[in-house]
Amino acid sequence: MTPVRTFVFLLALALATAAHASWYDDYDAGLAAARAGNWNTVISKMSSAIKGNPTENNKARTYGAIFINYHPYYYRGVAYLNVGKYEQAIADLERTSGAGPENLGSIGELLDRAKRQLAASSAPEPEPVRPEPTPVKPAVTQPAPVPAPVQQQPAVLQIDPALRQRAASALGAARQKLQQAQQRRASTSAQYAQALTLLTDATTRNATAKNNDDLSAIITMADNAGDLADLAMPPSAPAPVPTPSRPSIAADTVLSDYRPQLRRALENYFNGEFDDASRQFADLTRMLPTNAWIWAFLGASQYSQYAFEADESYRAAALRSFRKAKSLRKWQGGLPDKYFSRRIRRAFNEEG
């Protein structure tokens, strides 16, 4: 097998890997129960989610490139408070690091309420007071009644209409990319399934968005769904394997030292572990400094880090890697869409 065919084989093998989990299904079910006020169901589902993943995170990775705002202790604490289990509520609310996508009240206010309820439930019954004779009071002129204070109406949350339109446009673009993936018969790929799940979640959240932060999260989810749909490809028939020649066998022997590390780097890249992929591709550039493909995948990993972290240092590093890849190879038509999303291919083509 030639070095190029070896490389393509490893890429295709990496595309087939995917991570699965179930704790986030319990978390989503718990969120739905919290919206409906079904507190016993919230306790059950959030407990199952904590058993699968006990660590809260504003960007908890579920699978692939899918991240969620994960705070199960917050919702279980609110549920315990509403069913009268105040000690458990205090324990969870003191442990949580913040509210999740559904804000049911500030942690401080909820803790104060739970502690007051616990103190009230623990207080002893007061002794009965014997009635005392009522003293005769002199007549007192009644003061004029004080008018009741005017209650202020609670502030109404404002949503930017332009941001609402951007969210609708992002969802529409993601749906179009999924339709394009269906047209090229890629609906059985793992990337298509991930994109469909992400788009469904984004569409559901868009129907109940309450503020601009919700809309910004929906736009990010829709963009990620579109990128995954771009990566979805139809299954290809296996090509006949020719009898390797002596040069091919020798080439495989030379590349055998780098093959395991290259495989791990590619698996991390296609599974959305861009931090690990960037480090591994950077190590490979020192071992294979003239391999344009490795420089291209290094740039793609760094640009994906920039997309998630909004750190300009990742973008600058990605552009340097893209320039190096272009200096080592003529890319007819740019990077292939089989392995790189449209956003990354656009950045690669624009980098001079």
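Refer to the structure presented above.
This write-up is about the structure you can find in this document. Computed from a prediction, not measured in an experiment: that's the story for all the values here.

1. Digging into the overall build of the chain
- When you go through the chain residue by residue, the secondary structure sums to 15 helices and two strands.
- Taken over 352 residues, the chain has a buried fraction of 38%.
- Carbon together with sulfur atoms contributes 53% to the accessible area of the chain, which is approximately 20,900 Å² in total.

2. Concerning helix α15 (residues 342–350)
- Turning to α15, its buried residues are Ile344, Arg345, Ala347 and Phe348. Buried residues of α15, viewed axially, fall in a sector of 160°; they line one side.
- Its buried side turned inward, α15 meets α11 (259–270), α13 (292–309) and α14 (312–328).

3. A few points about the pattern of salt bridges
- Here the structure, examined in full by the defined rule, presents 11 salt bridges.
- Note that Asp201 is salt-bridged to Arg205, the shortest N-O span being 3.3 Å. With Asp201 and Arg205 both in helix α8 (residues 190–207), this residue pair falls four residues apart, about one helical turn.
- A residue is classified by how much of its surface remains accessible, and Asp201, at 22% relative accessible area, is partly exposed.
- Salt bridges here are not isolated pairs; linked through shared partners, they connect Arg35, Glu102 and Lys210.

4. Observations concerning the packing of helix α7 (residues 161–183) against helix α9 (residues 212–231)
- Look at α7 against α9: their axes get within 8 Å of each other, and the N-to-C directions meet at 20°. Accordingly, the angle class assigned to the pair α7 and α9 is roughly parallel. The crossing of α7 and α9 is left-handed. Within the contact between the two elements, α7 uses Leu163, Arg164, Arg166, Ala167, Ala170, Leu171, Ala174, Lys177, Leu178 and Ala181 and α9 uses Asn212, Leu215, Ser216, Ile218, Ile219, Ala222, Asp223, Ala225, Gly226, Asp227, Ala229 and Asp230.
- Taken together, the residues of the contact of α7 with α9 break down into 13 nonpolar, three polar and six charged.

5. Details of the pairing of strand β2 (residues 67–70)
- What you see with β2 is a clean split: Ile68 and Tyr70 sit on the buried side and Phe67 and Asn69 on the side with no burial.
- Of the pairings in the sheet, the one linking strand β1 (residues 57–61) to β2 comprises three bridges and is antiparallel in character. Each residue of the ladder has a partner; that of Ala60, found in β2, is Ile68.
- If you look at the hairpin formed by β1 and β2, you'll find five residues sitting between the two strands, and Gly64 has a positive phi there, around 55°.

6. Brief notes about the packing of aromatic side chains
- This model, assessed by the stated rule, comprises 20 aromatic pairs.
- For the ring pair Tyr269 and Phe270, a centre distance of 5.0 Å and an interplane angle of 75° mean the geometry is edge-to-face. Taken as a pair, Tyr269 and Phe270 share a single burial class, namely buried.
- Residues Trp293 and Trp331 carry aromatic rings whose centres are separated by 5.1 Å and whose planes lie at 75° to one another, so their mutual orientation is edge-to-face. Of this pair, Trp293 sits in helix α13 while Trp331 is found in the loop between α14 and α15, placing the two residues 38 residues apart along the sequence.
- Over the ring of Phe348 we find Lys326, and its NZ or CZ is 4.8 Å from the ring centre.
- Taking NZ or CZ as reference, Arg329 lies 4.5 Å from the ring centre of Trp331, over its face.

7. What to know about the nonpolar core
- Residues Tyr27, Val42, Ile68, Tyr70, Tyr75 and Ile218 are the most contacted members of the largest nonpolar core, which totals 51 residues.
- A total of eight residues in this core trace back to one element, the largest contributor, which is α9.
- Other than its neighbours up to four places away in sequence, Ile218 contacts Ala167, Leu171, Ala202, Arg205, Asn206 and Ala209.
- Within the second largest apolar cluster, 28 residues are counted, among which are Phe281, Leu284, Phe297 and Trp331.

8. Concerning unusual backbone geometry
- Backbone geometry places Arg185, a non-glycine residue, at a positive phi of 60°.
- Within the secondary structure, Arg185 sits in the loop between α7 and α8.
- Look at Arg185 and you get exposed, because its relative accessible area is 69%.

9. Quick word on a negative patch on the surface
- Among the surface-exposed residues, Asp275, Glu309, Asp311 and Glu312 lie close enough to one another that they form a single negatively charged patch.
- With respect to the helices and strands, Asp311 occurs in the loop between α13 and α14.
- On the accessibility criterion, Asp311 (33% relative accessible area) is partly exposed.

So, how was this worked out
- Residues numbered from 1 in each chain as written.
- Predicted model: local features only at pLDDT ≥ 70, side-chain atom pairs only at ≥ 80, totals over all residues.
- Heavy atoms only, no water.
- Helix = DSSP H or I, 4+ residues; strand = E, 2+ residues; numbered from the N terminus.
- Buried < 20%, exposed > 50% of the residue type's maximum accessible area, 1.4 Å probe, protein only.
- Areas by Shrake-Rupley, 256 points an atom, 1.4 Å probe, with all protein chains shown as cover.
- Arc of directions from axis to C-beta.
- Contact = heavy atoms within 4.5 Å.
- Salt bridge = Lys/Arg side-chain N within 4 Å of Asp/Glu carboxyl O.
- Axes fitted to C-alpha atoms, helices over the stretch in contact; angles between N-to-C directions.
- Parallel < 35°, antiparallel > 145°, perpendicular 65-115°, else oblique.
- Left-handed = near helix turned anticlockwise from the far one by under 90°.
- Nonpolar A, V, L, I, M, F, W, Y, C, P; charged D, E, K, R; others polar.
- Pairing = 2+ DSSP bridges.
- Phe/Tyr/Trp six-rings, centres within 6.5 Å; stacked < 30°, edge-to-face > 60°.
- Lys NZ or Arg CZ within 6 Å of the ring centre and 35° of its normal.
- Core = buried A, V, L, I, M, F, W, Y, C linked by side-chain atoms within 4.5 Å.
- Patch = residues over 30% accessible without salt bridge, like charges linked within 9 Å, V, L, I, M, F, W, Y side chains within 5 Å.
- Lys, Arg positive; Asp, Glu negative; His and termini not counted.
- Charge placed at Lys NZ, Arg CZ, Asp CG, Glu CD.

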